[in-house]
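# Architecture and fold: a report
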Amino acid sequence: MSEIAHHQKQFYYTEKTKSLAFRKERLQALKTMIETNEQRIMDALKTDLNKSEFDSYTHEIGFLYAEINFMLKEVKEWMKPTKVKTPASHFGSKSYIHKDPYGTCLIIAPWNYPFQLALAPVIGAIAAGNTIVLKPSELTPTVSSLLKQLVEEAFDPAFFTVFEGAVEETQQLLEQRFDLIFFTGSVPVGKIVMEKAAKHVTPVILELGGKSPVIVDEDAKLDVAAKRIAWGKYTNAGQTCIAPDYLYVHRNVKPELLSKLKDSIVEMYGKEPMQNETYTHIVNQKHFSRLSAYLDNGELVHGGQTNAEELIIEPTVLDHISWDDAIMKDEIFGPLLPVLTFDNLDDVITQVQTQEKPLALYYFSEDEQKQQTILDQLPFGGGCMNDTLFHVANPHLPFGGVGPSGLGSYHGKASFDAFTHQKSVVYQTTKFDFSFRYPGSKLGLSIV
Ligand code: NAD
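The structure reproduced in this document is the subject of the present report. (Residues numbered from 1 in each chain as written. Predicted model: local features only at pLDDT ≥ 70, side-chain atom pairs only at ≥ 80, totals over all residues.)

The next point concerns the site of the ligand. Taken together, 27 residues are adjacent to the ligand, and Pro-110, Gly-185, Val-189, Gly-209 and Cys-241 come closest. Residue assignment for the shell around the ligand shows that the elements contributing at least two residues are helix 7 (167-175) and helix 8 (187-199). Residue composition of the shell around the ligand, by class: 13 nonpolar, ten polar and four charged. (Near = placed C-beta within 6 Å. Helix = DSSP H or I, 4+ residues; strand = E, 2+ residues; numbered from the N terminus. Nonpolar A, V, L, I, M, F, W, Y, C, P; charged D, E, K, R; others polar.)

Spelled out as structure tokens, the structure:
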């Protein structure tokens, strides 16, 4: 590990990674690597998570193409030094922000979108001119080993390499001195990463999780709300960092919304979702057991079936949930939707304010003033009005959390910025010098 980190540093200081041609060529190489292996990637995702080809293409492969294409189009402009204003006190000089790569970056990825979440930050790191060590998740071993193989075939390890491993290996990697650590995963592990980074004051970007609410008000359009909530919650069997974790619904529309929600689940996953071959499975036994234990919380109004052998949990809705229930204590990260009821939006705001700042928040209402109230009063990483998940797929929107749900952001220009140090430089004139800036000197200007 220390050897590869050392080689990468040496390679970085050759300055090769900094040219526009190198960045574009390597971005193109990454795209070609994915294009020529689409079927293998989809097969690996099927093996590890039973992801359908449709989901694998749209959520993992297609997302990466969009990011790479965006970078290829924009990187030339972004990497140029930016001239900024210079105050009168600096008369004679010019000021620029240079877009400096950090150097050698460590990227640590989770298992839920194991291909996309490993490579999306890599795109930003390449565009910004860095070298990369990538550590994929051990919980999706087929994708992890495929990533290693593909990257080995396509890239010089001094520029971009994959290290496989679990907790111990990741901890050893974190002992190395990197110039930036980009971590996607859980809040507790994010804290460990931050602690390790503190040793060398290494900058960190933390893409974490939390309990993201979806709030449905009494004036919401319920047909579309039900479809969009079902889609956001049960995509990838709820194993999505920005999935709506719990539903807060106005008492006056609850029966109708829940009825429409059940219809939407049946429309999307069929009457027998346990037999649906395109429905994603739970990643492993540990998570299956953790999720199954929540099934006796509240009152089961839809779903609830499980298959321990195949690690499947049906899309499930649990009503009459209170904040004291176990399911409301931690991020669920599975296909179980707890339902809380409200009479007054102010009560929801007060309650959500007592929770950790969530990664995402979704609010369904036709009332723009109430939308504004939500925006003004509730902190959250990002989200949607009248939709779920969609904000993640707009490259013009930085994606990230706030407080315990994350530190820093990426996607599109934000990815380039995440992997770029803004080096501020004043270019001073030597044609003249103001003597008044020096201690003990008299007012005056001297020609140098
Ligand atoms: P995790 O934190 O358990 O693991 C993430 C990575 O950290 C893995 O590569 C793993 O090997 C490594 N790791 C695990 N334990 C470690 C330890 N003790 N020391 C050092 N490294 C360790 O997360 P996960 O289970 O893979 O992913 C699920 C979590 O990630 C959820 O909380 C979810 O919300 C979050 N997530 C966030 C985003 C986002 O973009 N914000 C995206 C996906 C997932």
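Moving on, we come to the sheet that holds strand 8 (residues 213-216). Read across the sheet, seven strands follow the order 10-13-14-9-8-15-16 without closing on themselves; strand pairing throughout is mixed. Bordering the open sheet on either side are strand 10 (299-302) and strand 16 (382-385), each of which pairs with just one other strand. For this sheet the average axis-to-axis angle between neighbouring strands, irrespective of direction, equals 25 degrees. Relative to strand 9 (residues 246-250), strand 8 runs parallel, the two being bridged by four bridges. Looking across to strand 9, one finds that Pro-213 is bridged to Tyr-246. (Pairing = 2+ DSSP bridges. Axes fitted to C-alpha atoms, helices over the stretch in contact; angles between N-to-C directions.)

Contact pair helix 3 (residues 38-49) / helix 6 (residues 141-154): the axes reach a minimum separation of 7 Å and the direction vectors enclose 155 degrees. Looking at the two axes, helix 3 sits roughly antiparallel to helix 6. Where helix 3 approaches helix 6, its residues Arg-40, Ile-41, Ala-44, Leu-45, Thr-47 and Asp-48 are matched on the opposing element by Pro-141, Thr-142, Val-143 and Leu-146. When its residues are assigned to classes, the contact of helix 3 with helix 6 shows six nonpolar, two polar and two charged. (Parallel < 35°, antiparallel > 145°, perpendicular 65-115°, else oblique. Contact = placed C-beta atoms within 7 Å.)

The next thing to look at is helix 1 (residues 2-12). Quick reminder: α-helices carry 3.6 residues per turn. Residues three or four places apart thus point the same way. The set of residues buried in helix 1 consists of Ala-5, Gln-8 and Tyr-12. Buried residues of helix 1, seen end-on, are gathered within an arc of 60 degrees and therefore sit on one face of the element. When the buried face of helix 1 is taken as reference, the exposed residues oriented beyond 90 degrees from it are Ser-2, Glu-3 and Gln-10. Looking at the buried residues of helix 1, the elements they touch are strand 3 (104-108) and strand 4 (131-135). (Buried ≥ 20, exposed ≤ 12 C-beta atoms within 10 Å, placed from the backbone. Arc of directions from axis to C-beta.)

On to unusual backbone geometry. We note that Glu-15 has phi near 75 degrees; this positive angle belongs to a residue other than glycine. Along the chain, Glu-15 turns up in the loop between helix 1 and helix 2 (20-35). Residue class for Glu-15 comes out exposed when judged on the 10 C-beta atoms lying within 10 Å of it. Its identity is not glycine, yet Val-201 carries a phi of approximately 50 degrees, on the positive side. For Val-201, the position within the fold is in the loop between helix 8 and strand 7 (204-207). Given 6 C-beta atoms within a 10 Å radius, Val-201 is considered exposed.

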